[in-house]
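As a plain string of letters, each chain reads:
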Amino acid sequence: MSAPHRTAEEIGRTAAGPRPVPSLGTQRAAADLSHVDTTLSNGLRVLAVRKPTVPLVELRVWIPFAGEDKLHPATAEVLAETLLTGTARRDRIEIDADLALIGGDLASGVDPERLVVTGTSLADGLPTMLDVLADALTGASYADAEVERERERLIERIAVSRTQPRTIAREALQKHRYGDHPAVREVPQAEDVAVVTPEQVRALHRASVLPRGSVLVIVGDIDPETVIGDLEKAFGGWASDRSAVRLPALPELTGGNVLLVPRAGAVQSQIRLSAQTVSRTDPRYPALQLANLVYGGYFSSRLVENIREDKGYTYSAHSGFEFTDQTAVVNVDADTATDATAAALMETRYELARLGLVPPTAEEVESVRQYAIGSLVTAASSQGGLAAQLSALAATGLGVEWLAGHPERLAAVTAEDVANAALEFFAPKRFTGVVVGDADVLAPKLTALGDVTVGEPA
């Protein structure tokens, strides 16, 4: 005889009332990760971590890759697209074949701050992956045909990207925040890419693909002590007396007017606000992290409840941190219909003020604390997730110890700490930013709100 069907509500109740929800156990990042954090003879910092959950290895190479030249962003993009298309020892097909035999993959990408190479392979195929990677880092050939082919593809992708509202809004925010700083040039101009030559790409590789000051993170089914010797041998030919080029320090944000960037005929607006915060090493960071979650950092946040769930102004609203070298800002993003933009900006500012004046309750703080710790543990549970986290940390000089100790720091935060962080860092006057949309429709209402000026078209 089958058991009678019970609803979720019936299952969750007893004769004495609702079943108590069991308390969460102590959550912490894996503090017992066997690892080595050292610097090779060529100046490359290596963070090797044993995580033998599956017989795979994840690898991340982070190379500071800033440049002042006008053509640097375009040349860097072409370099990233063609770094793995051939060397003096292997052509594109041979690289792909060698990686396929070990269940491996390598990919590269670039932004104004860094060149990044990511890789994965079967654990027993690590020597091959390291050999292919070292071959590319020391001997990428940038054959004329490969550069020309990838350059044309890149021009097409840039043309499409530059029509996307999110790209337009990001570029407008960067220019408003940082003026002509090199960090602003995230998407090169198509006409600049079109004139990049193979020799310019080779010259940039020689000048900027350097080990000193760079970081390699390797996570997986490895012996950290042994793998350091393997890396020293594999990268012995990658050497230079010069250091990789770091991005110049960003100017500090001081708040100010929101800039309305005209985009004629747009049916949707992009709201992008930003304020200076503190780095991960600041003692106030854990409280600030929880304050951000309460404001807009997860789905049950105050901002989402207000402008998405309650008022329906946006499908997606979010706030989060952006780290660049040793600096950090908090960003607030929301996309809204044109006729809801002014109201959405007003409510976004209202929630910023309310966070400081009506601080998070003990219940709110505990909820976001559990979310923050749980998210950290979940993200670090896979080899790829752990490699990505450690790569981001290692780029600013941190490592396994910071990651392992962060749950403890979050657990020690009090409701008063969060209230203080909210009042200090989320005051509306600290924020600047942009709204990208149809200025003919938006300007009257947005300027009436105050602290909004109209800029040049996107």
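What you see is a predicted model, and the numbers here were worked out from it, not measured in a lab. (Residues numbered from 1 in each chain as written. Predicted model: local features only at pLDDT ≥ 70, side-chain atom pairs only at ≥ 80, totals over all residues. Heavy atoms only, no water.)

A. Representation of the sheet that holds strand S7 (residues 114–122). The six strands lie next to each other as S3-S4-S8-S5-S7-S6, forming an open sheet whose pairing is mixed. Of all strands in the sheet, those with a lone pairing partner are strand S3 (35–39) and strand S6 (105–110), marking the two edges. Taken over all neighbouring pairs, the strand axes of this sheet differ in orientation by 10° on average, direction set aside. The sheet contact formed by S3 and strand S4 (residues 45–50) spans five bridges and is antiparallel. (Pairing = 2+ DSSP bridges. Helix = DSSP H or I, 4+ residues; strand = E, 2+ residues; numbered from the N terminus. Axes fitted to C-alpha atoms, helices over the stretch in contact; angles between N-to-C directions.)

B. Quick look at the domain arrangement of the protein. Domain assignment breaks the protein into domain 1 (35–236) and domain 2 (258–454). The centre of domain 1, based on its C-alpha atoms, is set 30 Å off from the matching centre of domain 2. On the side of domain 2, 34 residues touch domain 1, which itself brings 30 residues to the contact. Linking domain 1 with domain 2 are three salt bridges, by the criterion used here. In this structure, Arg 166 and Asp 335 form a salt bridge, with 3.4 Å as the shortest nitrogen-oxygen distance. Viewed at the interface, domain 2 and domain 1 are joined by 15 residue pairs in polar contact (both at pLDDT 80 or more). Mapped onto the side of domain 1 that touches domain 2, the elements with two or more residues apiece are S4, strand S5 (56–64), helix H6 (165–178) and strand S8 (215–220). Sorting elements by how many residues they give to the side of domain 1 that touches domain 2 places H6 first, with ten residues. (Domains from an automatic or database assignment. Contact = heavy atoms within 4.5 Å. Salt bridge = Lys/Arg side-chain N within 4 Å of Asp/Glu carboxyl O. Polar contact = N/O pair within 3.5 Å; in protein donor to acceptor, adjacent residues only side chain to side chain.)

C. Highlighting empty space enclosed by the protein. This structure, assessed with the given rule, holds three cavities of 30 Å³ or more. Taken as a whole, the largest cavity encloses approximately 100 Å³ of empty space. Along the wall of the largest cavity there are 16 residues; nearest its centre are His 72, Pro 73, Asp 111, Pro 112 and Arg 185. Tallying contributions element by element places helix H2 (residues 72–82) first for the lining of the largest cavity, with four residues. Taken together, the residues that form the lining of the largest cavity break down as ten nonpolar, two polar and four charged. Empty space within the second largest cavity amounts to approximately 70 Å³. (1 Å grid on protein atoms, 1.4 Å probe; cavity = no way out; pocket = protein on both sides within 12 Å on 5 of 7 lines; lining within 4 Å. Points joined across faces, edges and corners; volume = space filled by probe spheres on them. Nonpolar A, V, L, I, M, F, W, Y, C, P; charged D, E, K, R; others polar.)

D. Spatial organisation of unusual backbone geometry. A positive phi angle, near 50°, is found at Tyr 142, a position not held by glycine. Along the chain, Tyr 142 turns up in the loop between helix H4 (126–139) and helix H5 (144–161). Look at Asp 325: it is not a glycine, yet its phi comes out positive at around 50°.

E. Up close: helix H14 (residues 383–394). End to end, H14 covers 16 Å across twelve residues, agreeing with the expected 16 Å (1.5 Å per residue, within 8%). Counting buried positions along H14 yields nine of twelve residues, so the element is predominantly enclosed. Of the positions making up H14, those classed as buried are Gln 383, Gly 384, Gly 385, Leu 386, Ala 387, Leu 390, Ser 391, Leu 393 and Ala 394. Where H14 is buried, its residues touch S4, S5, S8, helix H13 (362–379) and helix H15 (400–411). (Expected span 1.5 Å × (residues − 1). Buried < 20%, exposed > 50% of the residue type's maximum accessible area, 1.4 Å probe, protein only.)

F. Quick look at the UniProt feature "domain: Peptidase M16 N-terminal" (unreviewed entry) in the protein. The UniProt entry lists residues 46–184 under the feature "domain: Peptidase M16 N-terminal" (unreviewed entry), expressed in the numbering used here. In the segment residues 46–184, helix accounts for 48% and strand for 21%; the C-alpha atoms at its two ends are 29 Å apart. (UniProt positions renumbered as here; feature names shortened; annotations may be inferred.)

G. Structural view of the layout of surface pockets. Here the largest pocket defines a volume of roughly 950 Å³. Contributing to the lining of the largest pocket are 42 residues, with Arg 280, Phe 321, Glu 322, Phe 323 and Ala 392 lying nearest its centre. Mapped by element, the contributors of at least two residues to the lining of the largest pocket are S7, H6, helix H10 (285–297), strand S11 (314–324), H13, H14 and H15. Partitioning the lining of the largest pocket into residue classes produces 21 nonpolar, 13 polar and eight charged. Formed jointly, the lining of the largest pocket draws a minimum of three residues from each of two domains, domain 1 (35–236) and domain 2 (258–454).

H. Broad picture of the environment of Gly 297. For Gly 297, the position within the fold is in helix H10. Residues Gly 297 and Ser 319, spaced 22 residues apart in sequence, show a C-alpha to C-alpha distance of 5.0 Å. If sequence neighbours within four positions are ignored, Gly 297 has contacts with Asn 292, His 318 and Ser 319.

I. Geometry of the pairing of S5. With eight of nine residues buried, S5 lies mostly within the body of the structure. Note that S5 and S7 share nine bridges and pair antiparallel. The partner of Leu 59 across the bridge, within S7, is Gly 119. Bridge count for S5 against S8 is six bridges, and the pairing is antiparallel. Within S8, the position partnered with Glu 58 by the bridge is Val 219.

J. Representation of the side chain of Ser 391 within the structure. Its place among the elements puts Ser 391 in helix H14. Those residues in contact with Ser 391 that lie beyond four places of it in its chain are Arg 60, Trp 62 and Val 217.

K. The arrangement of the nonpolar core in detail. One finds Leu 290, Leu 390 and Phe 426 to be the most contacted residues of the largest nonpolar core, which totals 63 residues. With eight residues, H10 is the single largest residue contributor to this core. The residue makeup of this core includes at least three contributed by each of domain 1 (35–236) and domain 2 (258–454). With sequence-adjacent residues up to four places away left out, Phe 426 is seen in contact with Leu 288, Ala 291, Asn 292, Tyr 295, Val 330, Leu 352, Leu 355, Ala 421 and Phe 431. Within the second largest apolar cluster, 55 residues are counted, among which are Leu 40, Ala 76, Leu 83 and Ala 190. (Core = buried A, V, L, I, M, F, W, Y, C linked by side-chain atoms within 4.5 Å.)

L. Representation of the packing of helix H12 (residues 341–357) against helix H17 (residues 439–449). Taken N-terminus to C-terminus, the directions of H12 and H17 make an angle of 20°; their axes are 9 Å apart at the nearest point. Compared by their axis directions, H12 and H17 come out roughly parallel. Of the two elements, H12 crosses H17, and the hand of that crossing is right-handed. Across from Thr 341, Ala 342, Leu 345, Met 346 and Arg 349 in H12, the residues of H17 making contact are Leu 442, Lys 445, Leu 446 and Leu 449. (Parallel < 35°, antiparallel > 145°, perpendicular 65-115°, else oblique. Left-handed = near helix turned anticlockwise from the far one by under 90°.)

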